[in-house]
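# Architecture and fold: a report
Residues per chain, in single letters:
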Amino acid sequence: MNTVTRITRFTVIDRITHLGLILTFSLLSITGAGRLYFNTDWGTAILSWFGGYTSATIIHIWAGWLMTLGFIVHILLVLTRLDWRSWKLSLFGPDSLIPTARDFREFGQRVLWFFGIGNAPKFERWTYWEKFDYWAVFWGIPLLFITGLMLIYPIETSRFLPGWTLNIALLLHRAEAILAISYIIVIHLLVGHFRRSTFPLNETMFSGSVSVEEEAKEKADWIERLSKTGQMQQLKAEPPVTWYRRLYFVFGYAVIASGFYFIGAAIYYSQFIVLH
Amino acid sequence: MNGSHLMHNVSRLLLVLAMIPACTSGWVFASTDVTTDARRYSLQESSSGYYEDDIEVMPHKRTLPGSPANTTKRTGRYADVHRLVKDYSGKIRCTSCHVNKADNLHTVRGNITCRQCHGLDPIAGADFYYAPMNSIRKHAYVCAKCHQGATPSFATFVVHTPAAGDAKTRSSFPTLYYSHYLMLFLIIGVFVVFLPHSILWWIRDWLMNKRRGK
């Protein structure tokens with residue numbers, strides 16, 4: 001029996017969805033920041049790339065629609081993947097992203113392990129922080145979509161809700177955007193790529209596959225389950241080809257570098273803006 | 001008998017004919033009665049100015065819990081709120097007395113002036129019955145200048161948004177105040193958990209790999 005050294009973690013559709021999220025998220029962050037910082041040099045520079053305040057707004061709105069569309073398509077895809085006959089296992093089993101009691105236990109166990117108490121938890125396919133990242137998008141996008149829609153169509157909104165809810169919508173839209181952007185850049189990018197075991201780049205989301213040897217350390221229970229049930233053979237994957245690897249290294253570093261520049265500039269220029 | 005019947009019909013016809021110009025030109029004969037400016041002004045301004053399917057829409061007084069209260073200082077029912085201000089003239093900048101009032105989306109982003117909404121002198125208090133800023137017609141006389149189709153509901157948008165985290169906002173605009181702190185605590189909560197978590201993870205990861213000699 002030939003031994004499997006690499007297995008698939010993310011399908012092509014998952015990776016395309018993630019890429020679409022990266023692109024729309026970046027576009028929305030940049031155009032949104034241009035609008036928020038419009039009275040600073042940084043904001044003016046950003047807006048000039050998009051042809052000014054008005055066209056940056058139009059691009060922001062279209063990118064928002066695109067992101068929402070991607071979100072809906074993703075939900076439909078997830079629903080097709082569910083096995084309704086054994087829905088309990090499908091929803092709360094190890095392959096599901098729904099948080100269970102196990103995640104809370106693993107979180108506690110892992111925090112203790114940080115301080116050298118006890119052993120590191122043996123994770124299944126999805127760890128608690130991966131689940132958190134996933135569900136953060138699930139309340140982030142609907143909130144940003146609804147408040148964004150209210151602000152695009154204020155007159156129509158005021159027919160269903162009092163006009164002052166637009167004040168609230170603007171506050172929520174900004175606060176949620178600030179939370180999402182700072183979380184993605186500070187936590188998601190930094191921890192994802194700049195740990196000693198993942199440096200220089202965590203390739204999993206781009207290559208789609210992981211080395212079994214590496215994953216046996218990080219997600220021991222998942223690998224154990226796969227070898228027990230014999231699913232390992234089905235998930236066998238080839239390592240990514242060189243040109244593709246080069247491509248995503250360039251792309252990944254472009255995004256990471258712009259992300260760090262973005263957060264630095266946003267913090268520096270925040271002293272010159274007034275949140276009206 | 002016949003003659004009086006004819007006369008009755010003729011007089012009826014004349015009355016109907018006389019009513020045609022009256023109906024089409026808005027009671028031209030009656031409006032000549034208007035002798036004072038105040039009366040003409042009230043005729044023009046007592047309408048809310050907003051109609052939906054020929055029915056006049058009056059602002060609804062219904063408010064939801066958490067609605068903003070009147071955030072501006074009560075300016076009273078006076079036709080000229082600046083009547084007691086010494087040396088008041090058009091040369092004084094609005095912001096030299098109304099400090100920070102220009103820090104709002106309309107001024108900063110919409111690039112419009114105070115006077116474009118508040119009007120020329122004399123500026124009436126918002127409670128002055130005939131004031132354009134009176135909430136019964138603000139949407140039509142102020143908002144709809146730019147926002148086509150503005151409704152009384154739309155006009156409840158707080159243009160001079162108070163600082164969301166300010167203690168005073170708790171009573172003047174409770175929903176804004178609580179939304180602000182909800183989001184602030186959410187952001188702080190996320191980072192209080194995940195920032196130390198990430199740092200500790202990073203250190204542990206470093207040490208673990210060092211031990212392994214990787």
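Source: prediction; values computed, not measured. (Residues numbered from 1 in each chain as written. Chains lettered and ligands numbered in written order. Predicted model: local features only at pLDDT ≥ 70, side-chain atom pairs only at ≥ 80, totals over all residues. Heavy atoms only, no water.)

### Considerations on the overall build of chain A
For clarity, the cut-off: Helix and strand assignments come from DSSP, with helices taken as H or I runs of at least 4 residues and strands as E runs of at least 2, each series counted from the N terminus. Here a residue-residue contact requires only that any non-hydrogen atoms of the pair lie within 4.5 Å. All accessible areas in this document rest on Shrake-Rupley with a 1.4 Å probe, and a residue is counted as covered only by the protein chains that are shown.
When its secondary structure is counted, chain A shows twelve helices and two strands. Listed N to C, the secondary structure of chain A is β-α-α-α-α-α-α-α-α-α-β-α-α-α in terms of helices and strands. Intrachain contacts of chain A at a sequence separation of at least 6 include 72% that bridge at least 24 residues. For chain A, the exposed surface amounts to about 15100 Å²; the carbon and sulfur share of it is 70%.

### As for the overall build of chain B
Selection rule: Here the term buried applies to any residue with accessible area under 20% of the maximum for its type, exposed to any over 50%, and partly exposed to those in between, with areas from a 1.4 Å probe on protein chains only.
Counting secondary structure elements, chain B contains nine helices and two strands. Overall, chain B shows an N-to-C arrangement of helices and strands of α-α-α-β-β-α-α-α-α-α-α. Split into buried and exposed, the 214 residues of chain B put 24% on the buried side. Considering only intrachain contacts with a sequence separation of at least 6, the fraction spanning at least 24 residues in chain B is 53%. For chain B, the exposed surface amounts to about 15000 Å²; the carbon and sulfur share of it is 63%.

### Side note on the packing of aromatic side chains
Residues and elements named next belong to chain A. Rules: We call Phe, Tyr and Trp rings a pair once their centres come within 6.5 Å, taking the six-membered ring for Trp, and we label the pair stacked below 30 degrees between planes, edge-to-face above 60, and tilted otherwise. Lysine NZ or arginine CZ positioned within 6 Å of the ring centre and within 35 degrees of the ring normal marks a charge as sitting over the ring.
Per the counting criterion, the structure on display carries 36 aromatic pairs over all chains. When the centroid spacing of 6.0 Å and the interplanar angle of 35° are considered together, the rings of F10 and W126 count as tilted. Highlighted residues: F10 in the loop between β1 (6–8) and α1 (12–36) and W126 in the loop between α5 (101–114) and α6 (128–152), separated in sequence by 116 residues. Comparing F10 with W126 shows no difference in burial state: the two are buried. An aromatic cluster of at least three residues, connected via ring pairs, comprises Y37, W42, F262, Y268, Y269 and F272. When the ring centre of W222 is taken as origin, the NZ or CZ atom of R9, which lies over that ring, is 5.2 Å away.

### So, the interface of chain B and chain A
Put simply, the test is: Accessible-area loss on putting two parts together, using a 1.4 Å probe and summing over both, is the definition of buried area adopted here. The term salt bridge refers to a side-chain nitrogen of Lys or Arg lying within 4 Å of a carboxyl oxygen of Asp or Glu. Whenever a nitrogen or oxygen atom comes within 3.5 Å of another N or O atom, the pair is scored as a polar contact, on the condition that within protein one atom can donate a hydrogen and the other can accept it, and that pairs from neighbouring residues in sequence are kept only if both atoms are in side chains. Put simply, Ala, Val, Leu, Ile, Met, Phe, Trp, Tyr, Cys and Pro go in the nonpolar bin, Asp, Glu, Lys and Arg in the charged bin, and everything else, Gly too, in the polar bin.
Contacts between the two partners involve 50 residues from chain B, matched on the other side by 44 residues from chain A. Approximately 4400 Å² of surface area, both sides summed, lies buried where chain B meets chain A, with 70% of it carried by carbon and sulfur atoms. Among the residues chain B hides against chain A, the three largest losses belong to R109, W201 and R204 of chain B. Together they make up 18% of the total. The tally of links from chain B across to chain A stands at one salt bridge. Our count for the chain B to chain A interface comes out at 17 residue pairs in polar contact (both at pLDDT 80 or more). Where the side of chain B that touches chain A is concerned, the elements lending two or more residues are α5 (105–108) and α9 (174–212) of chain B. Among the residues making up the side of chain B that touches chain A, the classes are represented as 26 nonpolar, 16 polar and eight charged.

### A short note on a nonpolar patch on the surface
All names here are of chain A. Our working rule: Residues qualify for a patch when their relative accessible area is over 30% and they have no salt bridge, like charges being joined within 9 Å and the nonpolar side chains of Val, Leu, Ile, Met, Phe, Trp and Tyr within 5 Å.
Where nonpolar side chains cluster on the molecular surface, the patch consists of I72, L76, L79, W84, W87 and F92 and spans about 660 Å² of accessible area. Secondary-structure elements contributing two or more residues to the nonpolar patch are α3 (53–81) and α4 (87–92). Inspection of the secondary structure assignment puts L76 in helix α3.

### Details of the packing of α1 of chain A against helix α2 (residues 41–49) of chain A
Residue and element names in this part refer to chain A. Rules: Here an angle of 0 to 180 degrees is reported between the N-to-C directions of two axes, which are lines fitted to C-alpha atoms, with helices fitted over the stretch in contact. Throughout this description, any angle smaller than 35 degrees is read as roughly parallel, any larger than 145 degrees as roughly antiparallel, any in the 65 to 115 degree range as roughly perpendicular, and the remainder as oblique. Crossing chirality is assigned from the near helix's rotation relative to the far helix, an anticlockwise turn below a right angle marking it left-handed and a clockwise turn marking it right-handed.
Two elements in contact, α1 and α2, have axes separated by 8 Å at closest approach and are oriented at 130°. The angle between α1 and α2 places the two elements in the oblique class. As α1 runs across α2, the sense of the crossing is left-handed. On α2, the residues that touch I30, A33, G34 and R35 of α1 are W42, G43, I46, L47 and W49. For the contact of α1 with α2, the residue count by class is six nonpolar, two polar and one charged.

### Side note on the side chain of S158 of chain A
Mapped onto the fold, S158 of chain A is located in helix α7 (residues 154–160). From its side chain, S158 of chain A meets the backbone oxygen of I155 of chain A in a polar contact 2.8 Å long.

### A few points about α3 of chain A
Convention followed: Take the residue count of a helix, subtract one, and multiply by 1.5 Å to get its expected span.
An ideal rise of 1.5 Å per residue puts 42 Å on 29 residues; α3 of chain A measures up with 42 Å between its terminal C-alpha atoms. Buried residues along α3 of chain A sit in contact with α1, α2, α6 and α8 (165–193) of chain A.

### Looking at the environment of D83 of chain A
All names here are of chain A. Secondary-structure assignment places D83 in the loop between α3 and α4. Take D83: its relative accessible area is 38%, and that puts it in the partly exposed class. One polar contact links D83 to S86, side chain to side chain, over a distance of 3.0 Å.

### Brief notes about the pattern of salt bridges
Inspection of every chain in the model, using the stated rule, returns 17 salt bridges over all chains. For E130 of chain A, the salt bridge is made with R9 of chain A, and the minimal N-O distance between the two is 3.1 Å. Here the residue E130 of chain A occupies a position in helix α6, and R9 of chain A occupies one in the loop between β1 and α1, the gap between them amounting to 121 residues. Where R115 of chain B meets D121 of chain B, a salt bridge forms, and the shortest distance between an N and an O atom there is 3.2 Å. For R115 of chain B, a relative accessible area of 25% puts it in the partly exposed group.

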